[in-house]
2 protein chains.
Amino acid sequence: MQFISKKARAVTPYTAGEQPRGAQFIKLNTNENPYPPSPRVKAVLDAFDPAGLRRYPDPASGRLRAAIAQAEGVSPDCVFCGNGSDEVLALCFPAFFGADEPACFPAVTYTFYDVFAHLFDVPFARVPMREEFYLDLDRLADTPCKGYLIANPNAPTGVGIGREEMAAFLARVPEKLVILDEAYMDFFGQSCAPLIKTCRNLLVVKTFSKSYALAGIRCGYALGDPALIDALTRAKDCFNSYPVDALCEAVCAAAVLDRDYYAGTLARVREERERLRGELLALGFTVPESAANFLFAGRFKADGGTLYRYLKEHGILVRFWDKPFLRDFVRITVGTREENDALLAALRALAAG
Amino acid sequence: MQFISKKARAVTPYTAGEQPRGAQFIKLNTNENPYPPSPRVKAVLDAFDPAGLRRYPDPASGRLRAAIAQAEGVSPDCVFCGNGSDEVLALCFPAFFGADEPACFPAVTYTFYDVFAHLFDVPFARVPMREEFYLDLDRLADTPCKGYLIANPNAPTGVGIGREEMAAFLARVPEKLVILDEAYMDFFGQSCAPLIKTCRNLLVVKTFSKSYALAGIRCGYALGDPALIDALTRAKDCFNSYPVDALCEAVCAAAVLDRDYYAGTLARVREERERLRGELLALGFTVPESAANFLFAGRFKADGGTLYRYLKEHGILVRFWDKPFLRDFVRITVGTREENDALLAALRALAAG
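Residues numbered from 1 in each chain as written. Chains lettered and ligands numbered in written order. Predicted model: local features only at pLDDT ≥ 70, side-chain atom pairs only at ≥ 80, totals over all residues. Heavy atoms only, no water.

1. Remarks on the side chain of B:K27
So, point 1. One can find B:K27 in strand β1 (residues 26-27).
So, point 2. Within the local environment of B:K27, its side chain forms a polar contact with the side chain of B:Q19, the two groups lying 3.2 Å apart.
So, point 3. A polar atom in the side chain of B:K27 sits 2.8 Å from the side chain of B:T30.
So, point 4. When near neighbours in sequence (up to four residues on either side) are disregarded, B:K27 contacts A:R55, B:E18, B:Q19, B:P20, B:E32 and B:L317. (Helix = DSSP H or I, 4+ residues; strand = E, 2+ residues; numbered from the N terminus. Polar contact = N/O pair within 3.5 Å; in protein donor to acceptor, adjacent residues only side chain to side chain. Contact = heavy atoms within 4.5 Å.)

2. Section: the interface of chain B and chain A
So, point 1. Between chain B and chain A, the residue contacts involve 85 residues of the former and 85 residues of the latter.
So, point 2. In this assembly, chain B packs against chain A so that about 7,400 Å² is buried in total across both faces, 58% of it on carbon and sulfur atoms.
So, point 3. Considering only the side of chain B, the residues that lose the most area to chain A are B:F3, B:Y56 and B:F239, jointly responsible for 11% of the buried surface there.
So, point 4. Here chain B and chain A share four salt bridges between them.
So, point 5. A salt bridge links B:K6 to A:D100; the nearest nitrogen and oxygen atoms lie 2.6 Å apart.
So, point 6. Those elements that provide at least two residues to the side of chain B that touches chain A are α1 (6-10), α2 (40-47), α4 (85-96), α5 (112-119), α8 (226-236) and α9 (246-255) of chain B.
So, point 7. Per element, the largest residue contribution to the side of chain B that touches chain A is seven residues, and it comes from α4(B).
So, point 8. Here the residues of the side of chain B that touches chain A sort into 48 nonpolar, twelve polar and 25 charged. (Buried area = accessible area lost by both parts, 1.4 Å probe. Salt bridge = Lys/Arg side-chain N within 4 Å of Asp/Glu carboxyl O. Nonpolar A, V, L, I, M, F, W, Y, C, P; charged D, E, K, R; others polar.)

3. Thoughts on the domain arrangement of chain A
One frequent convention defines the size of an interface as the accessible area lost when the parts assemble.
All names here are of chain A.
So, point 1. If you check the domain split of chain A, you get domain 1 (6-37 + 259-352) and domain 2 (50-255).
So, point 2. Domain 1 and domain 2 are separated by 24 Å when their C-alpha centres are compared.
So, point 3. Opposite the 32 residues of domain 1 that make contact, domain 2 presents 30 residues.
So, point 4. Interface of domain 1 and domain 2: buried area, both sides summed, is about 2,600 Å²; carbon and sulfur atoms make up 64% of it.
So, point 5. Looking only at domain 1, the three residues that lose the most surface to domain 2 are Y14, Y262 and A291, adding up to 24% of its buried area.
So, point 6. Taken together, the connections running from domain 1 to domain 2 amount to two salt bridges.
So, point 7. In this structure, the salt-bridge partner of D121 is K7, at a minimum N-O distance of 2.8 Å.
So, point 8. Taken together, the elements giving at least two residues each to the side of domain 1 that touches domain 2 come down to α10 (259-283), β9 (294-298) and β11 (329-333). (Domains from an automatic or database assignment.)

4. Some points on the sheet that holds strand β4 (residues 124-127) of chain A
Residues and elements named next belong to chain A.
So, point 1. Within the open sheet, the seven strands sit side by side as β2-β8-β7-β6-β5-β3-β4. Their pairing is mixed. The sheet is open, and its two borders are formed by β2 (79-82) and β4, each paired with just one other strand. Pairs of neighbouring strands in the sheet enclose a mean axial angle of 20 degrees, with direction left out of account.
So, point 2. Where strand β6 (residues 177-181) lies against strand β7 (residues 202-207), four bridges are found, and the strand directions are parallel. Each residue of the ladder has a partner; that of V178, found in β7, is L202.
So, point 3. The sheet contacts of helix α5 (residues 112-119) involve β3 (103-106), β4, β5 (147-151) and β6, and relative to β4 the element is tilted by about 165 degrees. (Pairing = 2+ DSSP bridges. Axes fitted to C-alpha atoms, helices over the stretch in contact; angles between N-to-C directions.)

5. Notes on the environment of B:Y242
So, point 1. Its place among the elements puts B:Y242 in the loop between α8 and α9.
So, point 2. The spacing of B:Y242 and B:W321 is 79 residues in sequence and 34 Å in space, taken between C-alpha atoms.

6. A look at the pattern of salt bridges
So, point 1. Counting across every chain of the model gives 44 salt bridges over all chains.
So, point 2. Residue B:D258 is joined to B:R40 by a salt bridge in which the shortest nitrogen-to-oxygen separation is 3.6 Å. A residue pair is termed long-range when its members are at least 10 positions apart, and B:D258 in the loop between α9 and α10 (259-283) and B:R40 in helix α2 qualify at 218 residues.
So, point 3. According to the relative accessible area criterion, B:R40 is partly exposed, its value standing at 38%.
So, point 4. When the shortest N-O distance is used, the salt bridge between B:K42 and B:D46 registers 3.4 Å. With B:K42 and B:D46 both in helix α2 and four residues apart, the pair spans about one turn of that helix.
So, point 5. Connected through shared salt-bridge partners, A:E272, A:R275, A:R337 and A:D341 make up one network. (Buried < 20%, exposed > 50% of the residue type's maximum accessible area, 1.4 Å probe, protein only.)

7. So, the packing of α10(A) against helix α12 (residues 337-352) of chain A
Residue and element names in this part refer to chain A.
So, point 1. Running from amino to carboxyl end, α10 crosses α12 at an angle of 5 degrees, the nearest separation of the two axes being 11 Å. Here α10 is positioned roughly parallel relative to α12, judged by the angle of their axes. Facing α10, whose interface residues are E272, R275, L276, E279, L280 and L283, α12 presents R337, N340, D341, L343, L344, L347, R348 and A351.
So, point 2. Taken together, the residues that form the contact of α10 with α12 break down as seven nonpolar, one polar and six charged. (Parallel < 35°, antiparallel > 145°, perpendicular 65-115°, else oblique.)

8. What to know about the sheet that holds strand β7 (residues 202-207) of chain B
Residue and element names in this part refer to chain B.
So, point 1. The strand order across the open sheet formed by seven strands is β2-β8-β7-β6-β5-β3-β4, and the pairing between neighbours is mixed. The sheet is open, and its two borders are formed by β2 (79-82) and β4 (124-127), each paired with just one other strand. Neighbour-to-neighbour, the strand axes of the sheet open up by a mean angle of 20 degrees, direction not taken into account.
So, point 2. Sheet analysis places β7 next to strand β8 (residues 220-224), joined by five bridges and oriented antiparallel. Looking across to β8, one finds that V204 is bridged to L223.
So, point 3. Against the sheet, α5 contacts β3 (103-106), β4, β5 (147-151) and β6 (177-181), and its axis sits at roughly 165 degrees relative to β4.

9. Some thoughts on the relation of the copies chain B and chain A
So, point 1. When chain B is brought onto chain A, the operation consists of a screw motion whose angular component is 180 degrees and whose axial shift is 0.0 Å, with 0.0 Å RMSD remaining. On this basis, the relationship between the two copies can be described by a two-fold rotation axis.
So, point 2. Same-surface contact between copies: 100% of interface residues of chain B are shared with the interface of chain A. (Least-squares fit on C-alpha atoms with pLDDT ≥ 70 in both.)

10. Points about the packing of aromatic side chains
Residues and elements named next belong to chain B.
So, point 1. On inspection of all chains with the given rule, the structure shows 54 aromatic pairs over all chains.
So, point 2. Residues F112 and F116 carry aromatic rings whose centres are separated by 4.2 Å and whose planes lie at 15 degrees to one another, so their mutual orientation is stacked. Residue F112 and its partner F116 are located together in helix α5, separated by four residues, close to a single helical turn.
So, point 3. Residue F116 is classed as buried on the basis of its relative accessible area, which comes to 0%.
So, point 4. When the centroid spacing of 5.9 Å and the interplanar angle of 50 degrees are considered together, the rings of F133 and F325 count as tilted. Here the residue F133 occupies a position in the loop between β4 and α6 (137-142), and F325 occupies one in the loop between β10 (316-317) and β11 (329-333), the gap between them amounting to 192 residues. (Phe/Tyr/Trp six-rings, centres within 6.5 Å; stacked < 30°, edge-to-face > 60°.)

Put into structure tokens, the structure is as follows:
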């Protein structure tokens, strides 16, 4: 159609995991939390006066940034909030990169990064993995670029890099910006957020979608030097002045401070992750050790696509990418004990068949 | 700072109206609705189960698009939803324009358009007004471009163009895309939304922020040919797959169908608008006839900046731009009768002083 831009015709958009409506699936495909969010969320909704919605939300998300700052032990001017960490990551491109300011990221990582780069016309280098599953930090450090996007724990492998190793990497590239996408970090406990006070080249991006069980509310944030936060704010104010709505701000400000509740659900997810991985290994799967709330599992009787379709026929959704390397695996979100048992039963039937 | 992109350093972000927290102002500066949203919003919040928030929202916003389609009398595949109409308008740039696909808009209009254009590196032409307050549709039609952004009613003048006149313009430029920003259209009642079935070059953008009194929830939408909606969806899926959160979807789906409630609040706003304009004219202001929920008023005793500061000292916020032509005026949101009376009392004191 003549009205569509050349760019919109040429780009390959990001494909999110299936979100079936109505159908009854055991949904282990989009790394959602198997447990509900903090009970404080219900209290916020009950107390919320809808009359206030006639007003625009605070464009600076002041209340939410104060709560995040308190939870993270940083100053509110080190916090930026957006409509999901995807939006925060997207805004990083115009804020920090450009046509002659290239980005760099690992060859196997969150597949949205190269989509963002294409949207904002940012060139990028992809650095191959070390021994399939592991980031090659040496080679990353040696690659010419303006800065990096590194998911830690990585997606979809689940492999995590400890804080000390990442601190050493940050020190090796002081003249380059390092954006750490810590969407799954709460399942690992090695966040580099405490390093933002000393590393001016560090931006840490987090989300309420995974550990906080609030994927439905759309909120993510970045932590970094106030100059980095200011650049993100400028990018936001060129795109959408009020991306975080008033209900979202109230809900997330309450949730982020409920440390005790989430400590419990995090522990349960980690425990199930280890149990599930052990069972998958025992069945004969290849499964790298995971620091996230999912497992990257494959090389078992069939390719990933066959596994994906088999499980879907058995009412279980997992995530599959028909791409080199990835197509040998599926990504399985850690569910409740019952959901994981159902998955294992289906896989045992496949093994026995 | 070395990490900031050249673009982020060079752009001038959009400046939203003040959103003071805590201070007690009569707030007539951001065109918010003086009346609360539909009572159905409270019912939605009360019934909402927060456990569902652990799941991502529907990336296609299916339930909300179905409700909007019903309210607008179109098919759901003619509806696109975003995180405020600002996001919808921003996504129009990569979807429909490009480096050699220029945009065109009136010289006096919503000041976010040129910010979007700079963010996405889209060149644009600005067409001067006809007799200060009026769009020059002839000159717009004759300007070479890929397409137009036209706010109707226009901002910040409030001047509206009737459906028949706009239909004639659409027919004059069948090979160019016409994006009509109808943020304030419900206060005028001349929407071109019914024309999308016959005009493939028309995209109508609307918002829940003004007539629906839901600025705090962040939702806007576009109506147009499915091919246009598909291009917007592709642009969205390069930026943020899930921009409309689950609570927002539920709230707006309920509100958009409460026609009776909003007919009442719209009538009250229009009635107050006419009363307030009459009083301002009587005081000696220049005020073009408004089709929106605000008045563009000035050339009275002092420049707009002086008026803005005087009113702020008297506890009343209005909107002021220190730019050629605009600086002779302020934009005054139509408030409740009591708020408008307070404004008029302050202005009468100024007139008498």
